[in-house]
Amino acid sequence: MMRENQQRITQLIVSVLLLILAAGTVSAHGASLSSGSREPIRVPTWLFLSTGGAAVGASFLLASFVTDRQFIRQLHQWGFPIHAENSHVAVTAGRVLGLVGYVTVLVIGFIGPSTPQTNAAILLVWVGWWAGLAMTSYLVGNTWQTLNPLSTIALVLPSLNRRYPDSYGAWPSVIGLLALIWIEVISPLAADPQLLATAVVAYSVVTLFGVVIFGRDTWFDKADPVERVFRYYGRVAPIGKTGRKIKFRLFGMDLSVPRLVDDFDEVAFIIALLWGTTFDGFVTTPGWRTLTEPLVAGGFPPQVLYPVALLAGFGLFFGIYLIAVELSRRTAETYLQSRMVAVQFAPPLLAIAAGYHFAHYLGYFLELAPALWLALLSPFSDPGTVPVYQPPSWFGGVGIAAVVIGHLVAIWVAHAAAYDLFPSRIQAIRSQYPFIAVMVFYTMTSLWVITRPEVALPYI
Amino acid sequence: MSNHEYTIGEDQSPHLCEYCGRPFSQQEWLDLHRGLEHPNELSEEHISAFQTAYEAEEGELGRFRLRALGVLILLYFCLLMVYALV
């Protein structure tokens, strides 16, 4: 027993040291990537990409050194319950706050100042909600479930409680998420307050219509894309619900809990979330322009270009994941159905998605947070100058570090999930080969996108 | 574990777990599975089979660790060289 313990501790120390080394190497090189995002880096792109890919591969090898089942289980179950006193007061306060925010967005969106940098609706939605609140959902815990104003309004709506067809599953939320990404990319939602308010109204109408037909719980549980994004991000966070209790645990450890996703539809949602962050950047690269110019010159309608590319890229990401699932069944020599393998190794990808979100939005949030504060204090006046926070020059390194940490968490969680699924430890390690290849591919794609110079969207 | 679903080809003859019916392609994996998932229901014979399989796996893991370490060192030095040259 003594010897086992010692061995375990040595294993852990060595792994942690090597992981830090791997992460340190990448962030050191990555730091030259940016002071401010998207500056050309000093090392050649191929080398930058290979380093990123190699870091992912190396972290997998390091994680595979930890072979003690009991230790892995203990690490994942570690945590303590948090007693939330007067939780109904907190819930009511959260709901009121959500409703106030919702009314603010609509009122200021329609009749507030027309410059986007001083309009509280624009700043509240993009800076406060999509950057700020989303970051808290994976760094602290998911609060959107309570804040969601539409969910609060739905409380007082009648419902026909029609049966939600089982075959739909999470697919409406996948389609909804892709549609939201498409609209966000092609329309000036972050520049035109009235358009933004109109979009919020349209989204509310669709959502409440769904609530009336299928019932509040069913709709938000299955079909609403935004609720699902926040719920999945919340699984990465250290604070979350386990059963009915609120519990504190380590980052990402809740991702290996079975039944977060049950079928291919939910796997597709996770892949769509990951692809969405990449697509957002991809369409502003010069590569996208070069790729599409001959197509448009050849008579391809430019309006169709964006949705087709969005769907094709999603198909590519999803297809690659499904191929990895089949290969993994082969390398692990298992009789488990593809579905069982697919649902086991999709949740770790959420840690990667969270890492990318943080890298994309932290700088944006900090720069514009003072403007948001000012706009909320005096929503109807239009000050001439907008306060902007200028992050220090080392700040770009934080983004790279977030991407790296997201990957490390994902690799560790997948490692634990493999140990959970397979009785043989060597079999568990082998099952990971194809998924690691997929993660390397996702990483290199995303890193390639952030090293490209940013150009205006063509044909819009 | 019993809620898993499986695909077994017609030409395949898996080793089935007596307790939950889960199929395995290798006898050692079934031995390991029994010990991990049904520890309280095992016979003496199954317990010793689990121990044998577990120890045999240690050897295999040791060889894997050695190879992994080799790959890591190779990777590290390749990158180091490339960074020195570029």
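Keep in mind that this is a model prediction, so the values were computed, not measured.

Here is what the cut-offs are and how they apply
Residues numbered from 1 in each chain as written. Chains lettered and ligands numbered in written order. Predicted model: local features only at pLDDT ≥ 70, side-chain atom pairs only at ≥ 80, totals over all residues. Helix = DSSP H or I, 4+ residues; strand = E, 2+ residues; numbered from the N terminus. Buried ≥ 20, exposed ≤ 12 C-beta atoms within 10 Å, placed from the backbone. Contact = placed C-beta atoms within 7 Å. Rg over C-alpha atoms; globule rule 2.2 N^0.38 Å. Pairing = 2+ DSSP bridges. Axes fitted to C-alpha atoms, helices over the stretch in contact; angles between N-to-C directions. Core = buried A, V, L, I, M, F, W, Y, C linked by C-beta atoms within 7 Å. Parallel < 35°, antiparallel > 145°, perpendicular 65-115°, else oblique. Nonpolar A, V, L, I, M, F, W, Y, C, P; charged D, E, K, R; others polar. Expected span 1.5 Å × (residues − 1). Bend = angle between axes of the 7 residues up to and from the residue. Left-handed = near helix turned anticlockwise from the far one by under 90°.

(A) Examining the overall build of chain A more closely. Of regular secondary structure, chain A possesses 18 helices and three strands. A buried classification covers 44% of the 460 residues belonging to chain A. Of all intrachain contacts in chain A linking residues separated by at least 6 positions in sequence, the fraction that spans at least 24 positions is 82%.

(B) Here's a closer look at the overall build of chain B. Counting secondary structure elements, chain B contains two helices and two strands. Tracing chain B from N to C terminus, the helices and strands come up as β-β-α-α. On C-alpha atoms alone, chain B measures out to a radius of gyration of 20 Å, which is more than a quarter above the 12 Å that the 2.2 N^0.38 rule sets for 86 residues. Taken along its principal axes, the extent of the C-alpha atoms in chain B is 60 × 30 × 25 Å.

(C) Up close: the interface of chain A and chain B. Listed as interface residues are 21 residues of chain A and, on the opposing side, 25 residues of chain B. Looking at the side of chain A that touches chain B, the element that brings in the most residues is helix α2 (residues 45–63) of chain A, giving five residues.

(D) View of the environment of Val200 of chain A. All names here are of chain A. Mapped onto the elements of the fold, Val200 is located in helix α9 (residues 193–214). Assessed through the 19 C-beta atoms surrounding it within 10 Å, Val200 is described here as partly exposed. Taking the C-alpha atoms as reference, Val200 lies 9.0 Å from Tyr102; in sequence the two are 98 residues apart. The contact partners of Val200, leaving out residues within four places of it in the chain, are Val105, Leu106 and Gly109.

(E) The pairing of strand β3 (residues 245–249) of chain A, seen in detail. Residues and elements named next belong to chain A. Of the pairings in the sheet, the one linking strand β1 (residues 79–82) to β3 comprises four bridges and is antiparallel in character. Across the sheet, residue Gly79 finds its bridge partner in β3, namely Arg249. Both strand β2 (residues 239–242) and β3 contribute to a ladder of four bridges, which runs antiparallel. Within the sheet, the bridge partner assigned to Lys241 lies in β3 and is Ile246.

(F) Quick look at the sheet that holds β3 of chain A. Residues and elements named next belong to chain A. With antiparallel pairing, the three strands of this open sheet are ordered in space as β1-β3-β2. The strands lining the two open edges of the sheet, one partner per strand, are β1 and β2. Across this sheet, the average inter-strand angle for adjacent strands is 40°, counted without regard to direction.

(G) Structural detail: the nonpolar core. Of all hydrophobic cores here, the largest spans 116 residues; its most connected members are Leu123, Ile270, Ile271, Ala272 and Leu274 of chain A. For Ile270 of chain A, the residues in contact, after removing those within four places along its chain, are Tyr232, Val261, Ala346, Leu349 and Leu350 of chain A.

(H) Structural detail: the packing of helix α14 (residues 302–331) of chain A against helix α15 (residues 338–345) of chain A. Residue and element names in this part refer to chain A. Where α14 contacts α15, the two axes come as close as 9 Å, and the packing angle between them is 110°. Comparing their axes, α15 and α14 come out roughly perpendicular. Of the residues in α15, those in contact with Val325, Glu326, Ser328 and Arg329 of α14 are Ser338, Val341 and Ala342. Residue classes in the contact of α14 with α15 are distributed as three nonpolar, two polar and two charged.

(I) Local environment of helix α18 (residues 425–451) of chain A. Residues and elements named next belong to chain A. An ideal rise of 1.5 Å per residue puts 39 Å on 27 residues; α18 measures up with 38 Å between its terminal C-alpha atoms. By the largest-angle criterion, Tyr433 marks the main kink of α18, which is about 35°, and a proline, Pro434, follows within four residues. Buried residues dominate α18, accounting for 19 of its 27 residues.

(J) Broad picture of the environment of Thr198 of chain A. Along the chain, Thr198 of chain A turns up in helix α9. Thr198 of chain A sits 88 residues away from Phe110 of chain A along the chain, and the two C-alpha atoms are 8.2 Å apart.

(K) Inspection of the packing of helix α17 (residues 396–421) of chain A against α18 of chain A at higher detail. Residues and elements named next belong to chain A. Interhelical geometry of α17 versus α18 gives an angle of 150° and a closest axis separation of 9 Å. In this view, α17 runs roughly antiparallel relative to α18, as classed from their interaxial angle. Helix-helix and strand crossings are classified by hand; for α17 and α18 the assignment is right-handed. Contact residues: α17 offers His407, Ala410, Ala414, His415, Ala418 and Tyr419, while α18 offers Arg425, Ala428, Ser431, Gln432, Phe435, Met439 and Thr443.

(L) Region of the structure containing the environment of Pro348 of chain A. Residue and element names in this part refer to chain A. Summarising the element assignment, Pro348 is placed in the loop between α15 and α16 (349–377). Each C-alpha atom, one on Pro348 and one on Phe220, is 23 Å from the other, the two residues being 128 residues apart in sequence. Excluding residues within four positions of it along the chain, Pro348 makes contact with Leu255, Ala410, Val413, Ala414 and Ala417.

(M) Main features of unusual backbone geometry. Residues and elements named next belong to chain A. Backbone geometry at Asn161 places phi at a positive 50°, although glycine is not the residue there. Here Asn161 lies in the loop between α7 (149–154) and α8 (171–186). Classification of Asn161 as partly exposed rests on a count of 13 C-beta atoms within 10 Å. For Glu333, which is not a glycine, the phi torsion comes out positive at approximately 45°. Among the secondary structure elements, Glu333 is positioned in the loop between α14 and α15. Take Glu333: there are 15 C-beta atoms within 10 Å of it, and that puts it in the partly exposed class.

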